[in-house]
Amino acid sequence: MPTLNWIGKEAVVKHHQEVPFRLLEPVPDLACGVDTGGNLIVQGDNLHALKALLPRYAGQVKCIYIDPPYNTGQDDRGADGKRAGWIYNDRVESPEILEWLGKVVGAEADDLCRHDKWLCMMYPRVRLLRDFLRDDGVIFASIDDVEVASMRLLFDEIFGAANRIGVIVWKNATDNNPTQIASEHEYILCYAKDKRKVPSEWKASTLEIKTRLLEVGEKLINEHVDQSALQAAYTKWYRENKSQLWPFEDYKFIDGGGVYTGMRSVHNPGKEGYRYDILHPVTGRACQQPLMGYRFPEESMRRLIDEGRIIFGDDETKLVELKVYAKDYRAKLSSLFELDGRIGTNEIKAIFPEDKRPFDFPKPTELIEELLSFTTSGSDLILDSFGGSGTTANAVLKLNRADGHSRRFILVEMKDEIATGVTAQRVRRIARGYTSAKGEAVAGLGGGFQFCRLSPEPLFDAEGQIRRDVTFAQLAEFVWFAETGVGYTGCADSPLLGVHESRAIYLLYNGILKDRSVAGGNVLTGTVLDMLPKFAGPKVIYAAANRMGGRAAREGITFKQTPYALQV
């Protein structure tokens, strides 16, 4: 199998193990809601943030979506709107990343090309991401032509080529500029942690609704020959069931071809499109044109009109729409996906009407919804470690409102001004409601989140000792992860953290036994053992010291001394 090599690889392949564990420090003033629903936004370098999240979430994430730097050479915009500096979604030339490369790779970093730097940045992060996935978990990663070949080989190395599920080609633009080959697409790579554990067929949560809608439409078409009677019968059924029809709540029409809706897919979003007249079939006058013109050239529009795919209003004052049948709604996650990329920009402008450019090139919510609707359900956990504008959280809340599920999200964003002013603020407005650019009130989707920053200092000090301000609950997460390799979901209110693979795991630390024993209960003695919650099988006990002598072995105890046994 082909392998990927680059300058600096030897220095970074194990760097994820060297990254120190830090603590997550809640910032209540930036949180949203009392009931956060298990949602979390973390501000900080995602390499350190992922390491801090591992003790809590290792092996628990169902789906990861990342939109990493495309490495196109385009910088981030500064406060003055000019390109300056670096942001995760487009370049690896920032002072932060260069400083990191100098420390990790050494003097060799000065000779790296930008592709070497991109791989050095990506490898330890992707390596950590794999540890978060459940056995049946999957990861999606957006990228374009610049680094798609490197990303595929990188993922092959970390996840294994046998766990490659596929590649989605996302047609997100129409480029009419003179060129050799017009670039009108990006890629989304999909890999599994263990492809054998992933269902052989993915079905969207909307599939049952679509099936029911098609059954009703076919029944009514067979019962009614007259178009007026057919529409009346369907309208009656539609009104009675509309609240249960998501995402088909706008499919309010029917004809001999089936149930359909009108969509403004013929309108050009963003920049100027095509200009020509479409005559209304009744009045004979030219229909009102969309603000930015039509998306398709005139010959394509004529073909759609001849095929009966264009919906006209009562007169020429209504914009024409494209007739879209429910039967054509995507029932599979296809390797070809068409969605105008400018929709993401329009979405975030509507959420931040006070800012002309809140964030460059955000992904459309519908894109992430599509991926998550096929791969997640219930209370599944979704992770996005390049959080950016918060699109992934938006998609999660939108899906939950639509299908009644309780998916959870974790987002990580490096830049403080983005994390607080865009990521968290967007999710807060989406959850609570906001006023759009048109002055219209947009209802909230519900939900909330906790906001955390990373502790300035690692869990262990320079001497390798546990910091004095670390709480029992914080160390419990770390001990559990060190012992089991999976995230801790217990309450951390007892020295017995839980049972894993038939062995009980205990932690004696920070007065968990209310200071009624030696060193506040941090030292394992016979008296302390008698006070611990009982377990009949093997026991692993983490403590500062062991004074039980030979009795520990007779009691089935494996003793591990803190902090030395915790240097993971």
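Just above, that's the structure.
Colleague: Help me understand the pairing of strand 17 (residues 496-500), please; the structure alone is not making it clear to me.
Modeller: Regular strands have side chains that alternate between both faces of the sheet. Where strand 17 meets strand 18 (residues 503-507), four bridges bridge the pair, whose relative direction is antiparallel. If you follow Gly 498 over to strand 18, its bridge partner there is Ile 505. Turn length for the strand 17-strand 18 hairpin, with the two strands adjacent in sequence and antiparallel, is two residues, and the turn residue Glu 501 shows positive phi of about 50°.

Colleague: Mind showing me how you'd approach helix 3 (residues 46-57) here?
Modeller: Every α-helix winds through 3.6 residues per turn, so residues three or four apart in the chain are directed the same way. Its twelve residues place the ends of helix 3 only 15 Å apart at the C-alpha level, less than the 16 Å of an ideal helix rising 1.5 Å per residue. Within helix 3, ten of the twelve residues are buried, leaving the element largely enclosed by the surrounding structure. Of all the positions in helix 3, only Asn 46, Leu 47, Ala 49, Leu 50, Lys 51, Ala 52, Leu 53, Leu 54, Pro 55 and Tyr 57 are classed as buried. Near the N-terminus of helix 3, the side chain that reaches the backbone nitrogen of Leu 47, with its oxygen 2.8 Å away, is that of Asp 45. Two residues or fewer past helix 3, Gly 59 is found with a positive phi of approximately 70°.

Colleague: Hey, could you run me through the pattern of salt bridges in this one?
Modeller: Opposite charge on two side chains makes pairing possible when the charged atoms of those side chains draw close. As enumerated under the stated definition, the model contains 34 salt bridges in all. A salt bridge links Asp 380 to Arg 134; the nearest nitrogen and oxygen atoms lie 3.1 Å apart. One end of the pair, Asp 380, is in the loop between helix 11 (365-375) and strand 12 (381-384); the other, Arg 134, is in strand 4 (residues 133-143), with 246 residues separating them in the sequence. Relative accessible area serves as the criterion here: at 9%, Asp 380 is assigned to the buried category. If you follow the salt bridges from partner to partner, you end up with Lys 62, Arg 134, Asp 136 and Asp 380 in one network.

Colleague: I tried to follow the sheet that holds strand 22 (residues 557-561) on my own but got confused; where do I start?
Modeller: Consider a sheet: its strands pair through backbone hydrogen bonds, and that pairing is either parallel or antiparallel. Here four strands make up an open sheet; going across it, the order is 17-18-20-22 and the pairing mixed. The open sheet has two edge strands, strand 17 and strand 22, and neither has a second partner. Along the sheet, successive strands turn relative to each other by an average axial angle of 20°, direction set aside. Note that strand 20 (residues 539-543) and strand 22 share five bridges and pair parallel.

Thresholds, definitions, all that
- Residues numbered from 1 in each chain as written.
- Predicted model: local features only at pLDDT ≥ 70, side-chain atom pairs only at ≥ 80, totals over all residues.
- Heavy atoms only, no water.
- Pairing = 2+ DSSP bridges.
- Helix = DSSP H or I, 4+ residues; strand = E, 2+ residues; numbered from the N terminus.
- Expected span 1.5 Å × (residues − 1).
- Buried < 20%, exposed > 50% of the residue type's maximum accessible area, 1.4 Å probe, protein only.
- Polar contact = N/O pair within 3.5 Å; in protein donor to acceptor, adjacent residues only side chain to side chain.
- Salt bridge = Lys/Arg side-chain N within 4 Å of Asp/Glu carboxyl O.
- Axes fitted to C-alpha atoms, helices over the stretch in contact; angles between N-to-C directions.

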